[in-house]
Amino acid sequence: MLLSFDDIIELKSNLLKIYNEKLHTHDTCGGQYFSLDKTNDEIENYIKQYLKKKNITPIFSEDKLSFSVN
C-alpha cells in the first residue's frame, strides 16, 4: 500500500514541526521510499505509529535513515 499525497504532506509537516526534521520523498517504479537527514528512536517510533494507523508497515534501512512502505 502506498501513502497518499495527503498522508505524506501530513507526515512531513508533523516531523518538521515536532522534531525539526525533514522527510524526503522518493518515487520509484513500483513503490515509494523516504529518507531523513538524521534520525533517533523517537522519530522512528513516531513514523511507525503514524503508519500503523494507516495499516502500513515501514521497512527501515539498517542505519534507520530511510524506509519504504509495505
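Residues numbered from 1 in each chain as written. Predicted model: local features only at pLDDT ≥ 70, side-chain atom pairs only at ≥ 80, totals over all residues. Heavy atoms only, no water.

Draft legend 1. The arrangement of the packing of aromatic side chains in detail. Counted according to the given criterion, the structure contains four aromatic pairs. Ring geometry for Tyr19 versus Tyr46: centroids 5.9 Å apart, planes at 70°, classification edge-to-face. On the criterion of sequence distance, the pair formed by Tyr19 in helix α1 (residues 5-19) and Tyr46 in helix α2 (residues 41-53) is long-range, its members being 27 residues apart. Where Phe60 meets Phe67, the ring centres are 5.1 Å apart and the plane angle is 40°; that geometry is what we call tilted. (Phe/Tyr/Trp six-rings, centres within 6.5 Å; stacked < 30°, edge-to-face > 60°. Helix = DSSP H or I, 4+ residues; strand = E, 2+ residues; numbered from the N terminus.)

Draft legend 2. How the structure looks around the sheet that holds strand β1 (residues 23-28). Taken in spatial order, the four strands of this open sheet run β1-β2-β4-β3, and their pairing is antiparallel. In this open sheet, the two strands that pair with only one neighbour each are β1 and β3 (58-60). Adjacent strand axes in the sheet meet at a mean angle of 25° when their direction is disregarded. Relative to β1, α1 is tilted by about 155°, and along the sheet it contacts β1 and β2 (31-36). Packed on one face of the sheet, α2 meets β2, β3 and β4 (66-69) and runs near 155° to β3. (Pairing = 2+ DSSP bridges. Axes fitted to C-alpha atoms, helices over the stretch in contact; angles between N-to-C directions. Contact = heavy atoms within 4.5 Å.)

Draft legend 3. Focus on the pairing of β2. Of all six residues in β2, five are buried; the element is thus mostly enclosed. Strand direction decides the pairing type here: β1 and β2, joined by six bridges, are antiparallel. When the sheet's bridge partners are listed, Thr25 is paired in β2 with Phe34. Between the end of β1 and the start of β2, which pair antiparallel, lie two residues, with Gly30 showing a positive phi angle near 90°. Pairing geometry for β2 and β4, over three bridges, is antiparallel. By the bridge assignment for β4, Phe34 is matched with Phe67. (Buried < 20%, exposed > 50% of the residue type's maximum accessible area, 1.4 Å probe, protein only.)

That's the geometry; what it means functionally is another story.
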